2 protein chains.
Amino acid sequence: MIYFCALMKVYNFSAGPSILPKVVFEQAAQAIVDFKGKGLSILEISHRSEDFEGILQDARKRVKQLMQLGNEYEVLFLQGGATSQFMMAPYNLLPQSGTVGIVDTGTWSTKAIKEAALFGQVQVLASSEEQGYNHIPKKWEALEDLTYLHITSNNTIYGSQYHHIPEVSIPLVADMSSDIFSRPWDYSAYDLIYAGAQKNLGPAGATIVVVKKSLLGKTGRNIPTMLDYQKHIKKQSSLNTPPVFAVYVCWLTLQWIEEQGGLATLGKRNAAKATLLYDEIDRNACFKAHVELEDRSVMNATFTMLNSEKEQAFLELCAQHRINGIKGHRSVGGFRASMYNAMDLEGVEVLVEVMREFERMG
Amino acid sequence: MIYFCALMKVYNFSAGPSILPKVVFEQAAQAIVDFKGKGLSILEISHRSEDFEGILQDARKRVKQLMQLGNEYEVLFLQGGATSQFMMAPYNLLPQSGTVGIVDTGTWSTKAIKEAALFGQVQVLASSEEQGYNHIPKKWEALEDLTYLHITSNNTIYGSQYHHIPEVSIPLVADMSSDIFSRPWDYSAYDLIYAGAQKNLGPAGATIVVVKKSLLGKTGRNIPTMLDYQKHIKKQSSLNTPPVFAVYVCWLTLQWIEEQGGLATLGKRNAAKATLLYDEIDRNACFKAHVELEDRSVMNATFTMLNSEKEQAFLELCAQHRINGIKGHRSVGGFRASMYNAMDLEGVEVLVEVMREFERMG
């Protein structure tokens, strides 16, 4: 018999890897000691075992169900994070003679631009760089001649988010790493969606790719096996040994999402948390939001201090209240509160109370 | 307080993912519930946190120490398994005009051949395919004009292993997925070593790459960021979010290796296990070994039954004795006993006793 004990509750606002449901942590720990009472750890079972094959295929099915997608789409669990997808997407979709349109809304868009340029032409349709990426550009040039449009649906670093799906007549590709499954959404408007798992889905080490099959096989390019979506589809995400444990934790989290009431419930909960925090940022005389009102992210709230000399004092007050991961990314400075699905309202209430206390301290 | 309980001991001979030390499972489960008493799970801490940065850099250092390599080498923890390295190695090392020599000793070699052919010329120097990959070819044609030589040091599927390092004047590249850290070895004879973690090192989801820096940057090729060894080296294996948990478990296992007495102890232990099992295979009237005597793998013993109709009965007897993962790969049939570092002598003794019991049953 092994005893495990967590001593104190910490409010984890980290941007990713990030908070997951407590019950998922417990189930994952149990499976490491003894998976399903089999006397084996989840870390040592074969990826070809009936148990794991079942988990992997059920996880793929659950993703499709949550997204309400039909059989024209395939779901893959891969490795390498969204950063690998910056390269795999154009490798699979963009012919050497083609042009991809990319909307530049921050760090992740610029990385996607850099990788796509290795495979074809890139047209940066719009950029909010000069305004410190404080909004989502909404006016673009004509798209007719483009192979596809690439957007970053939520910008983890700058804290901006698309609240409307771009209406386009060309295939739409989205990096949804930091807002996948955060709200009811028309996923069928997209042709390719990818997301690193380590925010709303699971631990670092798994990447979800959802792709419309009709998009593939058109570049005329000879794609290395591990980079070829079609080959992964053919092998049902088991082309080689998948990251078993990371997929298992994603599967647990997907079940948790359903148990919570699905995307409708999570969407309401996330909106309530974001409203609570942004209202306080706007009200509180010490802080100001980084992003324009209409484009603020429900997942990652970025805010700075009017008097930047007091930043360290606020961080210390947060630490005293066991608030973790609140320090802003160096690109924006100040603070960032990531409120992913597993963060409950209580955590945000504690943060808001600490902001009020800080204001009172003067 | 959470209680976790493993009910019964199972002898896990799976080929990978595979057995790891019991203490590593316990430490990993503890860290998922509460990492270092911080009130956070290892699954939710930032990869940029001081704690994880320390673990990642210490893991890289420990690999180098175990291999007794100098500063001309770099150690990376990547994702995607050895299958990704089949493509990344030639992407980084093989100019379009170059030729790589590959010795074909089974499934993994043939996959390496297929991927390398996308980047340059491939010369298959020798192959044991016609003999069912039952040995390691030792005579090759001249190597002078080759960019590098690629070998698979241990063939997980066919159960053969190099017991001598090829003496060559060109760079030597090895896929060591299934025998890394299984014995004292002159790792400095190699210029590039890679290994999926899920045998002797950790769970599926991490891949070790050890590379001599002077080999890199010579192809004239524009390599996508995530496939470029030099870019990973520059970012000290944190180019993007690493697979935190998989790296953590590798780090625990690396410490366990040291605590056991390092590669000298493990080498002796592995030799004793292999001798015990192969002696029984050769002695027992029911079984025969697949691989020629001098090339048998100390990690994966492959053997078949003289009367193949009895195979199912033997598998059932194994299951009764809680022996797991003994069924052979379809390429060879029969049985495969993988005896990685974490498998103790007792496990092999149980298997040998079951083989004797089966023989007595007639």
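Conventions we followed
Residues numbered from 1 in each chain as written. Chains lettered and ligands numbered in written order. Predicted model: local features only at pLDDT ≥ 70, side-chain atom pairs only at ≥ 80, totals over all residues. Contact = placed C-beta atoms within 7 Å. Helix = DSSP H or I, 4+ residues; strand = E, 2+ residues; numbered from the N terminus. Nonpolar A, V, L, I, M, F, W, Y, C, P; charged D, E, K, R; others polar. Core = buried A, V, L, I, M, F, W, Y, C linked by C-beta atoms within 7 Å. Buried ≥ 20, exposed ≤ 12 C-beta atoms within 10 Å, placed from the backbone. Axes fitted to C-alpha atoms, helices over the stretch in contact; angles between N-to-C directions. Parallel < 35°, antiparallel > 145°, perpendicular 65-115°, else oblique. Left-handed = near helix turned anticlockwise from the far one by under 90°. Expected span 1.5 Å × (residues − 1). Least-squares fit on C-alpha atoms with pLDDT ≥ 70 in both. Pairing = 2+ DSSP bridges. Domains from an automatic or database assignment.

Draft legend 1. The interface of chain A and chain B, seen in detail. Taken residue by residue, the interface counts 63 residues in chain A and 63 residues in chain B. Secondary structure elements with two or more residues in the side of chain A that touches chain B: strand S1 (2-4), helix H1 (22-33), helix H3 (81-93) and helix H6 (244-260) of chain A. Tallying contributions element by element places H1(A) first for the side of chain A that touches chain B, with seven residues. Broken down by class, the residue content of the side of chain A that touches chain B amounts to 32 nonpolar, 24 polar and seven charged.

Draft legend 2. Fine view of the nonpolar core. By size, the foremost hydrophobic cluster in this structure holds 214 residues, and its most contacted members are Ile32(A), Val247(A), Ile32(B) and Val247(B). When neighbours within four sequence positions are excluded, Ile32(A) is seen to be in contact with Ser41(A), Ile42(A), Leu43(A), Phe25(B), Ala28(B), Ala29(B) and Ile32(B).

Draft legend 3. Region of interest: the packing of helix H8 (residues 311-320) of chain A against helix H9 (residues 345-361) of chain A. Residue and element names in this part refer to chain A. Across the interface, H8 lies against H9 with an axial gap of 10 Å and an inter-helix angle of 135 degrees. Here H9 runs oblique to H8, going by the angle between their axes. Crossing of H8 against H9: the hand is right-handed. On the side of H8, the interface is formed by Phe 314, Leu 317 and Cys 318, while H9 contributes Val 354, Glu 357 and Phe 358.

Draft legend 4. Expanded view of helix H1 (residues 22-33) of chain B. All names here are of chain B. Between its terminal C-alpha atoms H1 stretches 17 Å, which fits the 16 Å expected from 12 residues at 1.5 Å a residue. Extensive coverage of H1 is indicated by the burial of nine of its 12 residues. Of the residues making up H1, those classed as buried are Val 24, Phe 25, Gln 27, Ala 28, Ala 29, Gln 30, Ala 31, Ile 32 and Val 33.

Draft legend 5. The arrangement of the relation of the copies chain A and chain B in detail. Rotating chain A by 180 degrees and moving it 0.0 Å along the rotation axis overlays it on chain B with an RMSD of 0.0 Å. Overall, the copies show the geometry of a two-fold rotation axis. Mapped onto chain B, 100% of the interface residues of chain A are again interface residues, and the two copies thus contact each other with one and the same surface.

Draft legend 6. Seen up close, the sheet that holds strand S15 (residues 335-338) of chain B. All names here are of chain B. Spatially, the three strands line up as an open sheet ordered S12-S13-S15, and their pairing is antiparallel. The open sheet terminates on both sides in strands that have one partner only, identified here as strand S12 (287-289) and S15. Here the average twist between neighbouring strands, direction ignored, is 35 degrees.

Draft legend 7. Representation of the domain arrangement of chain A. All names here are of chain A. Domain boundaries in chain A define domain 1 (29-260) and domain 2 (262-361). For domain 1 and domain 2, the distance between their C-alpha centroids amounts to 27 Å. Taken together, the contact between domain 1 and domain 2 spans 25 residues of the former and 25 residues of the latter. Elements with a minimum of two residues in the side of domain 1 that touches domain 2: strand S7 (154-155), strand S8 (160-161) and H6. No other element matches the three residues that H6 contributes to the side of domain 1 that touches domain 2.

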